[in-house]
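One-letter residues, chain by chain:
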Amino acid sequence: MAEQTKYLFSNQLEVFKNLAIARMKVGLGAVLLLTGEPGGGKTEFAAAVARGLGANLYKYQCAPDRERNLLYDHDLNGIVTRTNAWLKGPAWEAFEASQQGFAVLLIDEADKTHPNFDAFLLELLEKLSFRAPKNDENDESYAIVGNPENLLIILTSNGRRAFRSEVLRRCQRIVVPFPERPRLD
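Residues numbered from 1 in each chain as written. Predicted model: local features only at pLDDT ≥ 70, side-chain atom pairs only at ≥ 80, totals over all residues. Heavy atoms only, no water.

**Regarding the nonpolar core**
Next up, step 1: Leu70, Phe95, Leu105, Ile107, Phe130 and Ile153 are the most contacted members of the largest nonpolar core, which has 32 residues in total.
Next up, step 2: For this core, the elements supplying multiple residues, two or more each, are β1 (30-35), β2 (56-61), α4 (90-97), β5 (103-108), α5 (117-127) and β8 (151-157).
Next up, step 3: Per element, the largest residue contribution to this core is five residues, and it comes from α5.
Next up, step 4: Beyond its immediate stretch of four places on either side in the chain, Phe130 contacts Leu71, Ala91, Trp92, Phe95, Leu124, Tyr142, Ala143 and Ile144. (Core = buried A, V, L, I, M, F, W, Y, C linked by side-chain atoms within 4.5 Å. Buried < 20%, exposed > 50% of the residue type's maximum accessible area, 1.4 Å probe, protein only. Helix = DSSP H or I, 4+ residues; strand = E, 2+ residues; numbered from the N terminus. Contact = heavy atoms within 4.5 Å.)

**Some details on the side chain of Asn150**
Next up, step 1: Position of Asn150 relative to the elements: it lies in the loop between β7 (143-145) and β8.
Next up, step 2: Residue class for Asn150 comes out buried when judged on its relative accessible area of 16%.
Next up, step 3: Aside from chain neighbours lying at most four places away, what touches Asn150 is Met24, Ser98, Gly101, Phe102 and Ala103.

**Brief notes about the packing of aromatic side chains**
Centre-to-centre distance and the angle between the planes together describe a pair of aromatic rings.
Next up, step 1: In this structure the tally under the stated criterion is four aromatic pairs.
Next up, step 2: Here the aromatic rings of Phe95 and Phe130 are separated by 5.8 Å at their centres, their planes lie at 55°, and the arrangement is tilted. In this pair, Phe95 sits in helix α4 while Phe130 sits in strand β6 (residues 129-131), placing the two residues 35 residues apart along the sequence.
Next up, step 3: By relative accessible area, Phe130 is classed as buried at 10%.
Next up, step 4: These aromatic residues form a ring-pair network of at least three members: Trp92, Phe95 and Phe130. (Phe/Tyr/Trp six-rings, centres within 6.5 Å; stacked < 30°, edge-to-face > 60°.)

**Let's talk about unusual backbone geometry**
What you tend to see is this: most non-glycine residues have negative phi, and most peptide bonds are trans.
Next up, step 1: Backbone geometry places Glu109, a non-glycine residue, at a positive phi of 60°.
Next up, step 2: Relative to the elements of secondary structure, Glu109 occurs in the loop between β5 and α5.
Next up, step 3: Taking relative accessible area as the criterion, Glu109 reaches 17% and is therefore assigned buried.

See the structure below:
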């Protein structure tokens, strides 16, 4: 069996990970923004924090013009049968999970989105809630709410575009350096 290379966090990133876990364990949710080159360990950081909390990691891979999928997606079979027209997206699942315990929502490569995504993201981060869509004419929409004491939101960016200052003010930020040979075991 071939031996797999293991990624070791830098000292600064290890401290940042431990602080995020400590904040969550005392009921202080957080929003983190990790920036750096592709392959630097940003996504692995999110997975490590989730493991440290014993939480599920809910991942959304950003892509232009698909931002709505962060919240929900169409269920084509449900539309045809009029039973359930929506599938829960990663934010919906993470927000619901945060009502029962720790949840980590990873919004990966947020810099790939359209700049207008920042307004949507800002509202999501401020309110930690959004309206679920109605399934049919008889259903009422309702709020999907995240528990700020149990919810950790991690944004990653490869630096393709700058985020609005209002989004940046709501995040603890760290630059993730590309791992050099001593940090690859």
